[in-house]
Amino acid sequence: MPKVDSVEVDGTVTEVLGNTMFLVDIGKGNPIQCTISGKLRMNYIRITKGDNVTIQMSPYDLTKGRITWRKK
């Protein structure tokens, strides 16, 4: 059986939590708890409340994700 790829969606950061965790709203009601990917962390990309971001999620757990891109 082939491995299922990740799901990419766009969302807006609604709350900044401690330890580089964020709550992101993707427009379906429940916020998703996300962390920052390694490239964003290495390059010191700052993410604040209200930023539009792209998220990668596993198809097996749609409540957690990884922020991979920050849009202007």
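Parameters and conventions
- Residues numbered from 1 in each chain as written.
- Predicted model: local features only at pLDDT ≥ 70, side-chain atom pairs only at ≥ 80, totals over all residues.
- Heavy atoms only, no water.
- Pairing = 2+ DSSP bridges.
- Helix = DSSP H or I, 4+ residues; strand = E, 2+ residues; numbered from the N terminus.
- Axes fitted to C-alpha atoms, helices over the stretch in contact; angles between N-to-C directions.
- Contact = heavy atoms within 4.5 Å.
- Polar contact = N/O pair within 3.5 Å; in protein donor to acceptor, adjacent residues only side chain to side chain.
- Salt bridge = Lys/Arg side-chain N within 4 Å of Asp/Glu carboxyl O.

Participant: Quick question: what am I supposed to make of the sheet that holds strand 3 (residues 32–36) here?
Facilitator: The strands that make up a sheet are held in pairs by hydrogen bonds between backbone atoms, and each pair lies either parallel or antiparallel. The strand order 1-2-3-5-4 describes a closed barrel built from five strands, whose pairing is mixed. Taking the axes of each pair of neighbouring strands and ignoring which way they run, one obtains an average angle of 50 degrees across the sheet. Relative to strand 5 (residues 61–71), strand 3 is paired through four bridges, and the arrangement is parallel. Within strand 5, the position partnered with Gln33 by the bridge is Lys64.

Participant: Explain the environment of Ile32 to me, please; I cannot follow it from the model alone.
Facilitator: Here Ile32 lies in strand 3. Taking the C-alpha atoms as reference points, Ile32 and Lys64, separated by 32 residues in sequence, lie 5.6 Å from one another. With residues up to four places along the chain from it excluded, the contact list for Ile32 reads Phe22, Leu23, Val24, Ile26, Met57, Leu62, Thr63, Lys64 and Gly65.

Participant: Quick question: what am I supposed to make of the side chain of Thr54 here?
Facilitator: By the secondary structure assignment, Thr54 is in strand 4 (residues 52–58). Among the polar contacts made by the side chain of Thr54, one reaches the side chain of Asp10 at a distance of 3.1 Å. If we ignore the near neighbours within four places in the chain, the residues touching Thr54 are Glu8, Val9, Asp10, Arg66, Ile67, Thr68, Trp69 and Lys71.

Participant: What's the story with the pattern of salt bridges in this structure? I'm lost.
Facilitator: Between side chains of opposite charge, pairing is possible as soon as their charged atoms come close. Taken as a whole, this structure holds two salt bridges when the rule is applied. Between Asp10 and Lys71 there is a salt bridge whose closest N-O contact spans 2.9 Å. With Asp10 in strand 1 (residues 7–16) and Lys71 in strand 5, the pair connects residues that are 61 residues apart, well separated along the chain. Linking Arg70 and Asp51 is a salt bridge whose minimum nitrogen-to-oxygen distance equals 3.0 Å. Taken as a pair, Arg70 in strand 5 and Asp51 in the loop between helix 1 (38–42) and strand 4 lie far apart in primary sequence, 19 residues in all.

Participant: What should I look at first to understand the pairing of strand 4 in this one?
Facilitator: Each regular strand shows side chains that alternate between the opposite faces of the sheet. Strand direction decides the pairing type here: strand 1 and strand 4, joined by six bridges, are antiparallel. Bridge pairing in strand 4 places Glu8 opposite Gln56. Pairing analysis gives six bridges linking strand 4 to strand 5, with the strands arranged antiparallel. Within strand 5, the residue paired with Val53 across the bridge is Arg70.

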